[in-house]
Amino acid sequence: MANFYGSGVGFGAGGSAYVAVTGLTAGAVTKFYDTAGWPGYVGMDALSGTKVIVTYEDSTNSNYGTAQICDIAVDGTVTFGTPTVFISGGRALVGFRPTTALSTTKAIIAFRDMLDSNDAKAVVLDVSGTTITPGTAHTFNQTDSSNDFTTTAFLSSTKVICTWRPGGSGDIEKCNAIVLSISGSTVSSGTKLEYATVNYSNPYGLAGLSSTVAVSTWTESGTTQCCVLTISGTSVSAGSKVQVASSSETNHSCEMINSTTAIMVSTAGTVGTSRIITVSGTTPTPQTAFGFIGGTDVTEMGGRALQVDVLDSTTAVVTYAHRNSDTSDTSMRARLLTISGNTITGAFPDSIEIEPHPEGAAVFVGCRKLSSTRFAVMWVYNDGFMCAVDVD
């Protein structure tokens, strides 16, 4: 859920604003990145109901880590501030879901600095209007050969939890977690915790449920797992892992519904899957899965190609890159999910096409709640795109 609260549309870029489908109304698609290169490893979060921060690796500027403000007007018009480099002199592989808003004027991003020994780093981004001022990068892991899948989740205005997968010899590529504390524009870190015991574990999903509790989801040995992470000060501990699925579901996205409940979406082969995860103490319980897309309507596997956010206690939205089985129809899509207790069902409409991409599927998909009836959608298809979608 967007942290600033504390916790068939068919048109191309520049198309007519407010093209309506029953239940949803989308604003015009606007490019926040329109150069010869492309923005890689894009992250986003909402700072307020009218402002989103986007982070990415800029391929046209030495792959530097870059941040940009996107303002969304009442009428759905999207405008963009000037891109700001937050890490230069090195390539910033900026993670899986790396960016978290801390307040209306502050965010944090965690990333792997590929030209500084692949160290895992974090930077505070202070925002004034459309101007972004980065703090000094803080290194929170530098003893491993790589630091991938960096994901952050909100705990409080001065604290986030970060999960990632370090590389190296011996204990290879297991899920790690750490608490990152923020004071002004300075980041400090606690002691890292290795909470997955199987080599080649991929920590995809992460949701903060309160200032002291988070849920992590990951894949290992052909299965999908989850656990509760408990935060005490700057320390983090993990409860026992619980199997979510006997198959390896990928591209997880998790968000808080309330202090004991999260929603998880993922791709299982060509099927988009959603489920509730409830938490009691240090024990998570995955509930019955609901397939929100499948058959000839296929989710695109690559490039962080789906994300979920929670609009209110009974409604979530999932955005995803779509292709049908013969690839003749590829597009950026969104679907509402209805939450009733521990059950998820599909809300009308079944799904909407936000943007057609006849030559291939979108990657680095994101969505963020702006209000209970509006969300921002971001994706990359060569260029970077964004629009606002209203729930009627």
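Data block above holds the structure.
A few points on the structure.

As for the nonpolar core
- Counting residues in hydrophobic clusters, the biggest one holds 24 residues, and the most contacted among them are Ile354, Phe375, Val377, Trp379 and Val389.
- Those elements that place two or more of their residues in this core are β2 (24-26), β32 (315-324), β33 (330-340), β35 (352-356), β36 (363-371), β37 (374-381) and β38 (383-391).
- Counting 18 residues, the second largest nonpolar core, distinct from the first, contains Val42, Met44, Tyr56 and Val78.

Things to note about the pairing of strand β28 (residues 283-286)
- Judged by which residues are buried, β28 turns out to be one-sided: Pro284 and Pro286 face inward and are buried, whereas Thr283 and Thr285, on the alternate face, are not.
- Count of turn residues in the strand β27 (residues 271-280)/β28 antiparallel hairpin: two residues, of which glycine 281 carries a positive phi of about 65°.

Comments concerning the pattern of salt bridges
- Summed over the entire model, instances satisfying the criterion amount to 15 salt bridges.
- Residue aspartate 34 pairs with lysine 31 through a salt bridge whose shortest N-O separation is 3.7 Å.
- Under the relative-accessibility criterion, aspartate 34 is labelled exposed at 53%.
- Among the ionic pairs, aspartate 113 bridges to lysine 121, the shortest N-O distance being 2.9 Å.
- For aspartate 113, a relative accessible area of 3% translates into the label buried.
- We classify lysine 121 as buried; its relative accessible area is 7%.
- Beyond isolated ion pairs, a larger network of salt bridges with shared partners links Asp45, Glu255, Asp309 and Arg368.

Thoughts on unusual backbone geometry
- Here asparagine 118, not a glycine, exhibits a phi torsion of approximately 60°, which is positive.
- Positionally, asparagine 118 belongs in the loop between β11 (106-113) and β12 (119-128).
- Even without a glycine there, the phi angle at asparagine 382 is positive, about 65°.
- Note that asparagine 382 resides in the loop between β37 and β38.

Some words on the environment of histidine 252
- Secondary-structure assignment places histidine 252 in strand β25 (residues 250-258).
- For the pair histidine 252 and methionine 264, spaced twelve residues apart in sequence, the C-alpha separation works out to 6.7 Å.
- Other than its neighbours up to four places away in sequence, histidine 252 contacts Phe96, Arg97, Tyr204, Gly205, Thr217, Trp218, Thr219, Thr224, Met264, Val265 and Ser266.
- A polar side-chain atom of histidine 252 sits 2.9 Å from a polar atom in the side chain of threonine 217.
- Within the structure, the side chain of histidine 252 is placed 2.6 Å from the backbone oxygen of glutamate 249, a separation counted as a polar contact.

What counts, and where the lines are drawn
Residues numbered from 1 in each chain as written. Predicted model: local features only at pLDDT ≥ 70, side-chain atom pairs only at ≥ 80, totals over all residues. Heavy atoms only, no water. Core = buried A, V, L, I, M, F, W, Y, C linked by side-chain atoms within 4.5 Å. Buried < 20%, exposed > 50% of the residue type's maximum accessible area, 1.4 Å probe, protein only. Helix = DSSP H or I, 4+ residues; strand = E, 2+ residues; numbered from the N terminus. Pairing = 2+ DSSP bridges. Salt bridge = Lys/Arg side-chain N within 4 Å of Asp/Glu carboxyl O. Contact = heavy atoms within 4.5 Å. Polar contact = N/O pair within 3.5 Å; in protein donor to acceptor, adjacent residues only side chain to side chain.

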